[in-house]
Structure formats: structure tokens, C-alpha cells
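Listed below are the residues making up each chain.
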Amino acid sequence: MKKARLDIDRVAFIGRTYDEYMRIFALEESLLKQCPVLDCPAGAASFAAEAGRYGSDVVACDILYDLPPDELVAKGERDIRLIYDKIGEVPHLYVWDYYKNRDDLISMRKKALALFAEDLKRGIAQGRYVKASLPRLPFADNTFSLVLSAHFLFLYGDMLDPDFHKACLMELMRVSSGEVRIFPLSGLDLRPYRHLDEILFFLDSEGVDAEIVKVPFEFQRGANRMMRLRRRSTH
Ligand SMILES: C[S@@+](CC[C@H](N)C(=O)[O-])C[C@H]1O[C@@H](n2cnc3c(N)ncnc32)[C@H](O)[C@@H]1O
């Protein structure tokens with residue numbers, strides 16, 4: 001019988017490129033110009049590095065950013081190999097459109113890792129790569145005009161409990177003066193996050209408006225929606 005879940009047992013230290021971020025979060029460059037932007041957790045994504053080249057001010061944070069740069073890159077390489085092997089077991093769970101095949105997917109992950117690695121030392125010195133362990137972030141309230149969170153919350157929903165999700169979402173909201181966007185809303189088994197209704201009810205009770213928005217990207221089958229959060233206006 002075909003497997004119904006990507007069979008990994010840890011949160012992978014991998015990352016996506018600027019182009020992938022633009023699609024998964026339905027971003028427009030004008031929005032990124034209203035800097036600063038937080039990418040959390042950023043893993044080995046090259047979004048901060050590439051956005052910087054286009055004149056946007058993006059801070060990336062991750063629980064592993066206190067590791068020496070060489071170790072981080074080596075971990076990124078190991079986790080890319082892990083994903084390559086594991087996706088080979090379950091190709092039917094994915095839409096092979098944006099990525100033509102597994103090699104194409106992996107070359108995109110390697111490109112992201114290479115751009116991330118190239119930017120890392122300078123970025124650490126400039127305070128653009130910051131170690132942070134959710135659900136606590138080392139930033140003041142309202143620091144970022146936009147906060148992006150991809151491939152962590154909801155995706156690893158069977159490893160992270162609902163209370164952790166709630167605490168993370170409120171912390172991402174705390175450091176945002178505008179919006180928080182989260183992608184995807186389904187897990188490694190393609191199913192919509194099991195506690196989504198509970199989370200939406202919680203956010204509403206905390207004065208946060210949540211909107212589910214379709215995006216122009218689908219790799220995991222059915223995972224083509226993001227969550228967009230904004231503080232409810234009081235008048
Ligand atoms: C799959 S990567 C996502 C990277 C990027 N956002 C993307 O979409 O390509 C998930 C990241 O979450 C990080 N992570 C795991 N637990 C965390 C925590 N409690 N706080 C911050 N980062 C965490 C991992 O180190 C990993 O780099």
C-alpha cells in the first residue's frame with residue numbers, strides 16, 4: 001500500500017528561495033518594501049539574502065542559528081539528502097508542476113542553501129540572522145511590518161501541540177505591527193491541520209482576525225492556502 005505521509009521524525013533544516021516565498025505567501029514586491037520583514041523560522045531559506053539584494057530589509061530567525069555557520073550548512077546538506085530520499089517514497093503526495101521532478105526540487109533546495117550560506121556570516125554581523133526559539137522571540141512589540149512563517153506551524157502539527165501553536169501565533173502577532181502570514185495549513189500527511197477550528201476560535205477570542213487565503217502555489221497536494229492574521233481594529 002502507498003504511504004500517506006512524508007515519513008520524517010524531525011523538523012528539517014532546509015529552506016526555500018525568494019521565488020518560492022513570493023508564491024507561497026502571495027507576496028508583491030511593494031509589500032516587501034514596507035520593511036522590516038521577519039522570516040520565522042527561516043531555516044536554510046535564501047529569502048532574507050535575496051530580498052536584501054532587491055532592497056528589502058528582512059530579518060531571519062531560527063532555533064539553530066547559534067550553531068557555527070559551517071555546522072549549519074552541513075546540517076542543511078544532510079537534511080536536503082533526507083528530504084530527497086523520503087520524497088522518493090511518496091511522490092504521489094505532490095503536484096509535480098512548479099518542480100518538474102525530485103532532482104529539480106532538490107536543486108532548488110541546494111540553491112537556497114548556497115545563497116543562505118553565502119549571506120550568513122555577513123548577515124549575523126549585521127543582526128539579520130538571529131537565534132530565536134519559538135514561542136519566545138527576542139524582538140520588541142510591533143518591530144516588523146510583516147511576519148512570515150512557512151513550513152513549521154501546522155505542517156509539523158502532529159509533533160507540536162495546539163497550545164504551542166497558539167503561543168507561537170500570539171508571539172508572531174506581538175512582534176508584528178501589520179500582518180502575519182503562515183503557510184501551509186496542512187500536515188505532512190496532507191490533511192488539514194486537525195485543530196484549525198480551535199485555533200481560529202482562540203485567535204478570534206484574542207482579537208485577531210484570521211483569513212484563509214488561496215495562494216498561487218501547490219506542491220503538497222491540496223496545500224494551496226495560507227493564513228493571514230491581523231489585529232482587529234477597535235473602532
Ligand atoms: C522546514 S524549516 C522552514 C524554513 C523556511 N521557512 C522555509 O519555508 O523554507 C523549519 C525550521 O524550523 C526551525 N525550528 C524548529 N523548532 C523551532 C523553534 N521552536 N523556534 C524556532 N525555529 C524552530 C528548524 O530549525 C527549521 O530550520
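Just above sits the structure.
So, here's what we can say about the structure. Here the residue index of a chain counts from 1 through its sequence in written order. With pLDDT at 70 or above as the cut-off, local features in this predicted model cover only qualifying residues; side-chain atom pairs require 80 or more to be listed or tallied, and sums for whole chains, interfaces and linings still use all residues.

### Remarks on the overall build of the protein
As a reminder, the rule being used: Secondary structure follows DSSP: runs of H or I at least 4 residues long count as helices, runs of E at least 2 residues long count as strands, and numbering of each begins at the N terminus. Note on method: radius of gyration uses C-alpha positions; expected globular size equals 2.2 Å times residues raised to 0.38.
Across its full length, the protein holds seven helices and seven strands. Mapped in sequence order, the helices and strands of the protein form the string α-α-β-α-β-α-α-β-β-α-β-α-β-β. The C-alpha radius of gyration of the protein comes to 17 Å, within 12% of the 18 Å expected for a compact globule of 235 residues.

### Here's the deal with the pairing of strand β5 (residues 176–183)
Going by this rule: Any two strands are treated as partners once DSSP identifies two or more bridges connecting them. With the strands pointing away from the viewer, any crossover whose connection runs clockwise from the first strand over the helix to the second is right-handed.
Relative to β5, strand β4 (residues 144–150) runs parallel, the two sharing six bridges. If you follow Leu146 over to β5, its bridge partner there is Glu179. Taken together, β4, helix α6 (residues 162–174) and β5 form a β-α-β motif whose crossover is right-handed. Note: β5 against strand β7 (residues 225–231), four bridges, orientation antiparallel. Counted as the bridge partner of Arg181 is Arg228 from β7.

### Here's the deal with the site of the ligand
What counts is decided by this rule: Each residue gets a C-beta atom placed from its backbone. If that atom is within 6 Å of a molecule or strand, the residue is near it. Residues are grouped as follows: Ala, Val, Leu, Ile, Met, Phe, Trp, Tyr, Cys and Pro are nonpolar; Asp, Glu, Lys and Arg are charged; every other residue, Gly included, is polar.
Taken together, the neighbourhood of the ligand is formed by 19 residues, with Pro41, Gly43, Ile63, Leu134 and Ala150 sitting nearest. The residue makeup of the shell around the ligand, split by class, is 13 nonpolar, four polar and two charged.

### With respect to the environment of Ile63
Within the element layout of this structure, Ile63 appears in the loop between β2 (58–62) and α4 (69–89). A C-alpha to C-alpha distance of 14 Å links Ile63 and His151, two positions 88 residues apart in sequence.

### What to know about the packing of α4 against helix α5 (residues 102–125)
Stated formally: Each axis is a line fitted through C-alpha atoms, taken for helices only over the stretch in contact, and angles between the N-to-C directions span 0 to 180 degrees. By definition in this entry, angles of less than 35 degrees are roughly parallel, angles greater than 145 are roughly antiparallel, angles of 65 to 115 are roughly perpendicular, and the rest are oblique. Note on contacts: residues are paired as contacts if their backbone-placed C-beta atoms lie within 7 Å.
Packing of α4 against α5 brings their axes to within 10 Å, and their N-to-C directions diverge by 170°. The orientation of α4 relative to α5 falls into the category roughly antiparallel. For the pair α4 and α5, contact is made by Pro69, Val73, Gly76, Glu77, Ile80, Ile83, Tyr84, Ile87 and Gly88 and by Arg102, Ile106, Arg109, Lys110, Leu113, Ala117, Leu120 and Lys121, respectively. For the contact of α4 with α5, the per-class residue count stands at 10 nonpolar, two polar and five charged.

### Some remarks on α4
Stated precisely, the cut-off is as follows: Multiplying 1.5 Å by the residue count of a helix minus one yields the expected span of that helix. Working definition of burial: number of other C-beta atoms within 10 Å of the residue's own, with buried at 20 or more, exposed at 12 or fewer, and partly exposed in between, all C-beta atoms being placed from the backbone. By arc we mean the arc of the directions from the helix axis to the C-beta atoms, nothing more.
For α4, with 21 residues, the first-to-last C-alpha span of 31 Å sits near the 30 Å given by 1.5 Å per residue. All of the buried residues along α4 are Leu72, Gly76, Asp79 and Ile80. Buried residues of α4, seen end-on, are gathered within an arc of 115° and therefore sit on one face of the element. Of the exposed residues in α4, those oriented more than 90 degrees away from the buried face are Asp70, Glu71, Arg81, Asp85 and Gly88. Its buried side turned inward, α4 meets α5.

### Things to note about the environment of Glu198
Structurally, the position occupied by Glu198 is in helix α7 (residues 196–205). Taking the C-alpha atoms as reference, Glu198 lies 8.4 Å from Pro162; in sequence the two are 36 residues apart.

### What about the nonpolar core?
Applied cut-off: Here, a nonpolar core means buried Ala, Val, Leu, Ile, Met, Phe, Trp, Tyr and Cys residues linked by C-beta atoms lying within 7 Å of one another.
Counting residues in hydrophobic clusters, the biggest one holds 59 residues, and the most contacted among them are Cys61 and Val147. Not counting chain neighbours up to four residues away, the residues in contact with Val147 comprise Leu38, Cys40, Leu172, Val175, Ser176 and Val180.

### Details of α5
Applied cut-off: Throughout, the bend at a residue refers to the angle made by two axes, fitted to the seven residues ending there and to the seven starting there.
Here α5 spans 35 Å end to end across 24 residues, near enough to the 34 Å set by a 1.5 Å rise per residue. Asp119 marks the point of greatest bend in α5, at about 45°. Those residues of α5 not exposed but buried are Arg109, Ala112, Leu113, Leu115, Phe116, Asp119, Leu120 and Gly123. Elements in contact with the buried residues of α5: α3 (47–53), α4 and β3 (129–131). One or two steps after α5, the chain reaches Gly127, where phi turns positive at roughly 75°.

### A word on the sheet that holds β5
Strand order in this open sheet of seven strands is β3-β2-β1-β4-β5-β7-β6, and the pairing throughout is mixed. Both outer strands of the open sheet, β3 and β6 (208–214), are each paired with one neighbouring strand and no more. Looking at each pair of strands side by side, their axes are set apart by 20° on average, direction ignored. The strands touched by α6 within the sheet are β4, β5, β6 and β7, with β5 carrying the most contacts at an inclination of about 140°.

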